[in-house]
Amino acid sequence: METLVRHLAVMGTAFALTVSAPTRERALAASEAAVRAVEAAESLLSTWRDDTPLARLNGAAPGERVPVTPKLFALLKSVFRWEERTGGVFEPAVAPLVKAWGLRTGGRIPNAEELLRARTAADARLFIFEESSLSVSRRDALAGIDEGAWGKGWALDEAGAELRAAGVTSFVLDLGGQVLVSGDETPVAVAHPRDRARTSATIRLRDASASTSGNSERGFVVNGRRVGHLLDPRTGEPAPDFGSVTVVAPDGLTADVLSTAFFVLGPDEGLALSERLRAAGTQNEALFFFEGEEGQALRVSMSPGMTRLVSLPPSEELAGGGAAPLSLSSLSLSKTSSEGAHK
């Protein structure tokens with residue numbers, strides 16, 4: 001068995017591949033196919049450039065039917081269904097709010113009129129899918145789809161599918177911090193929500209993806225106000241920055257979507273949604289780190305199945321030294337059984 005490790009840049013972030021196959025030649029060929037899959041995802045979905053199908057859809061005139069490939073049509077319909085499943089806290093058509101807050105241009109504070117207009121336009125119902133013509137149209141000139149909360153997850157799934165088709169026995173893919181693992185169980189570090197150089201937990205991952213959402217690196221200070229990059233589409237405002245959430249799910253797209261949705265909801269409501277989704281058949285586990293009183297260790301909440309996957313460091317490491325120890329009262333679990341949890 002040969003193991004190949006590669007590091008490169010794609011989709012505006014770092015991409016690391018660890019691929020094991022019977023021969024080095026097969027591992028190399030498989031890794032090339034995985035890289036091409038991620039590059040193809042970027043060419044399909046990126047809204048940082050204007051020459052991709054998704055960017056062209058966002059730029060089309062209101063009412064114009066934009067033909068898309070069957071693959072993109074099915075993908076967008078799948079992504080849009082998550083808006084309903086999450087009660088609107090995951091909004092694929094959040095691009096107007098991203099623009100209003102200047103999240104791609106260094107940050108800004110919109111006035112009340114701008115924010116209202118952006119909130120109104122950030123609505124999945126403004127996009128019309130026509131099965132007969134495989135076309136998509138938008139009803140509002142401001143409406144737009146943003147891939148930031150799901151594009152990387154789907155790209156990982158595409159890369160993983162290529163590796164499995166090539167006969168790879170095991171792999172670990174890390175795209176900008178989201179990880180997809182197949183085959184051997186792999187320990188995956190979860191960074192401290194305020195210091196990515198520190199580890200807050202280690203998750204044992206197998207045949208699953210782990211995605212973490214937080215504001216430790218991506219955010220702006222505008223006129224003395226910190227603006228987080230994760231927006232609550234219900235209010236149009238940045239979601240409260242409590243810490244971080246890590247989601248484990250069988251595929252990258254689900255993990256990516258749900259880490260965003262759970263962060264917007266926060267620990268209590270996020271765990272409640274995780275619970276409802278498991279009851280409805282969507283496998284997922286969630287791990288929340290959030291700050292307690294000043295000088296105290298990070299507090300931890302997790303879904304029941306996560307307890308089988310996660311290892312926590314000593315409480316003084318969570319606190320950064322000199323803090324009160326992590327106690328059972330600060331470790332809370334979702335109250336339902338772990339039936340349906342990821343195994």
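Criteria and thresholds
Residues numbered from 1 in each chain as written. Predicted model: local features only at pLDDT ≥ 70, side-chain atom pairs only at ≥ 80, totals over all residues. Heavy atoms only, no water. Salt bridge = Lys/Arg side-chain N within 4 Å of Asp/Glu carboxyl O. Helix = DSSP H or I, 4+ residues; strand = E, 2+ residues; numbered from the N terminus. Buried < 20%, exposed > 50% of the residue type's maximum accessible area, 1.4 Å probe, protein only. Pairing = 2+ DSSP bridges. Contact = heavy atoms within 4.5 Å. Axes fitted to C-alpha atoms, helices over the stretch in contact; angles between N-to-C directions. Phe/Tyr/Trp six-rings, centres within 6.5 Å; stacked < 30°, edge-to-face > 60°.

## Some details on the pattern of salt bridges
Okay, step 1: Applying the stated criterion across every chain, the model contains 12 salt bridges.
Okay, step 2: Put simply, E131 and K77 hold a salt bridge, and the shortest N to O gap is 2.5 Å. In this pair, E131 is assigned in the loop between β4 (127–130) and β5 (135–138) and K77 in helix α3 (residues 70–85), connecting sequence segments 54 residues apart.
Okay, step 3: Overall, K77 belongs to the partly exposed group, its relative accessible area being 26%.
Okay, step 4: Two residues, D232 and R234, come together in a salt bridge whose shortest N-O distance is 2.9 Å.
Okay, step 5: By relative accessible area, which is 6% here, D232 ends up buried.

## Points about the sheet that holds strand β3 (residues 66–67)
Two orientations exist for strands paired in a sheet by backbone hydrogen bonds: parallel and antiparallel.
Okay, step 1: The strand order across the open sheet formed by three strands is β3-β5-β4, and the pairing between neighbours is antiparallel. Each of the sheet's edge strands pairs with one partner strand only, and the pair in question is β3 and β4.
Okay, step 2: Both β3 and β5 contribute to a ladder of two bridges, which runs antiparallel. Across the sheet, residue V66 finds its bridge partner in β5, namely V136.
Okay, step 3: Along the sheet face, α3 touches β4 and β5 and points at about 130° away from the line of β4.

## Side note on the packing of aromatic side chains
Aromatic rings considered in pairs are described by the distance between their centres and by the relative angle of their planes.
Okay, step 1: Per the counting criterion, the structure on display carries five aromatic pairs.
Okay, step 2: Between F73 and F129, the aromatic rings sit 5.6 Å apart at their centres with planes inclined by 80°, giving edge-to-face as the arrangement. Taken together, the positions of F73 in helix α3 and F129 in strand β4 put the pair 56 residues apart, joining distant regions of the chain.
Okay, step 3: What makes F73 buried here is its relative accessible area of 3%.
Okay, step 4: Chaining the aromatic ring pairs together yields one cluster made of F73, F80, F127 and F129.

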